[in-house]
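Structural characterization, general
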Amino acid sequence: MIPAQEGGIAKNIKVIEWLKADLVTSVAALFKSMLRGSEELILDALASLLITCYVLGRRLGVSFSRLDLKVEAKLRQGIDEDHETERWYGDLSTLLNYLVDKKR
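These lines cover the structure that appears in this document, whether it is placed above or below. A quick note: this is a predicted structure, and the numbers were derived from the prediction, not measured.

Conventions used here
- Residues numbered from 1 in each chain as written.
- Predicted model: local features only at pLDDT ≥ 70, side-chain atom pairs only at ≥ 80, totals over all residues.
- Heavy atoms only, no water.
- Phe/Tyr/Trp six-rings, centres within 6.5 Å; stacked < 30°, edge-to-face > 60°.
- Helix = DSSP H or I, 4+ residues; strand = E, 2+ residues; numbered from the N terminus.
- Buried < 20%, exposed > 50% of the residue type's maximum accessible area, 1.4 Å probe, protein only.
- Expected span 1.5 Å × (residues − 1).
- Arc of directions from axis to C-beta.
- Contact = heavy atoms within 4.5 Å.
- Polar contact = N/O pair within 3.5 Å; in protein donor to acceptor, adjacent residues only side chain to side chain.
- Salt bridge = Lys/Arg side-chain N within 4 Å of Asp/Glu carboxyl O.
- Patch = residues over 30% accessible without salt bridge, like charges linked within 9 Å, V, L, I, M, F, W, Y side chains within 5 Å.
- Areas by Shrake-Rupley, 256 points an atom, 1.4 Å probe, with all protein chains shown as cover.
- Axes fitted to C-alpha atoms, helices over the stretch in contact; angles between N-to-C directions.
- Left-handed = near helix turned anticlockwise from the far one by under 90°.
- Nonpolar A, V, L, I, M, F, W, Y, C, P; charged D, E, K, R; others polar.

**Regarding the packing of aromatic side chains**
Within the structure shown, the criterion is met by one aromatic pair. Residues Tyr54 and Phe64 carry aromatic rings whose centres are separated by 5.8 Å and whose planes lie at 70° to one another, so their mutual orientation is edge-to-face. On the criterion of sequence distance, the pair formed by Tyr54 in helix α2 (residues 39-59) and Phe64 in helix α3 (residues 64-80) is long-range, its members being ten residues apart. Residue Tyr54 is classed as partly exposed on the basis of its relative accessible area, which comes to 28%. Looking at Phe64, the relative accessible area reads 41%, which means it is partly exposed.

Pasting the structure below:
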């Protein structure tokens, strides 16, 4: 392996580790914002979590579109299996409809 490739691999590993730590930090920020009851802080933490998940997936070789397809499949599975949040609130079908409509 040539040195430039080794540096690229090492850099990618470092970024993955950073993203993993960022996930933990964002979850902590979400929990703290929920305690404070600040909608803006909750929104910021949730957005950070989503961004980090997409970027981490990309660093692990998963395209954004493939991740989107998997999310939709998991939502359909949860709907089919009558997940509690779907049964009680209809959250999974609402999210699935939102994602499908957004693509149009």
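**What about α3?**
Between its first and last C-alpha, α3 extends 24 Å over 17 residues, near the 24 Å set by a 1.5 Å rise per residue. Residues of α3 that are buried include every one of Glu72, Leu75 and Gly78, and no others. Seen along its axis, α3 keeps its buried residues to an arc of 125°; they face one direction. Residues of α3 that are exposed and point over 90 degrees away from its buried face: Arg66, Leu69, Lys70, Lys74 and Asp80. Those residues of α3 that are buried are in contact with α5 (91-103).

**Some thoughts on the side chain of Ser33**
Inspection of the secondary structure assignment puts Ser33 in helix α1 (residues 3-36). Given a relative accessible area of 1%, Ser33 falls into the buried group. Discounting residues that sit within four places of it in the chain, Ser33 has contacts with Ser38, Leu41, Ile42 and Ala45.

**Quick notes on the side chain of Thr52**
With respect to the element layout, Thr52 can be found in helix α2. Look at Thr52 and you get buried, because its relative accessible area is 4%. Here the side chain of Thr52 touches Ser48 through a polar contact of 2.9 Å, landing on its backbone oxygen.

**Observations regarding the pattern of salt bridges**
If you walk through the whole model with that rule in mind, you get five salt bridges. Across the pair Glu72 and Arg76 runs a salt bridge, and its minimum N-O distance is 3.7 Å. Of this pair, Glu72 and Arg76 both sit in helix α3, four residues apart, which is roughly one turn of that helix. Note on Glu72: relative accessible area 7%, which makes it buried.

**Comments concerning a nonpolar patch on the surface**
Among the surface-exposed residues, Val27, Phe31 and Met34 lie close enough to one another that they form a single nonpolar patch of about 290 Å² accessible area. In this fold, Met34 is placed in helix α1.

**Examining the packing of α3 against α5**
Each pair of packed helices can be described by the angle between their axes along with the distance between the axes. Between α3 and α5, whose axes approach to 9 Å, the crossing angle comes to 145°. For the element pair α3 and α5, the recorded crossing hand is left-handed. Side by side, α3 and α5 meet where Val71, Glu72, Leu75, Arg76, Gly78 and Ile79 of the first sit next to Leu92, Ser93, Leu95, Leu96, Leu99, Val100 and Lys103 of the second. Its residues assigned to classes, the contact of α3 with α5 comprises eight nonpolar, two polar and three charged.

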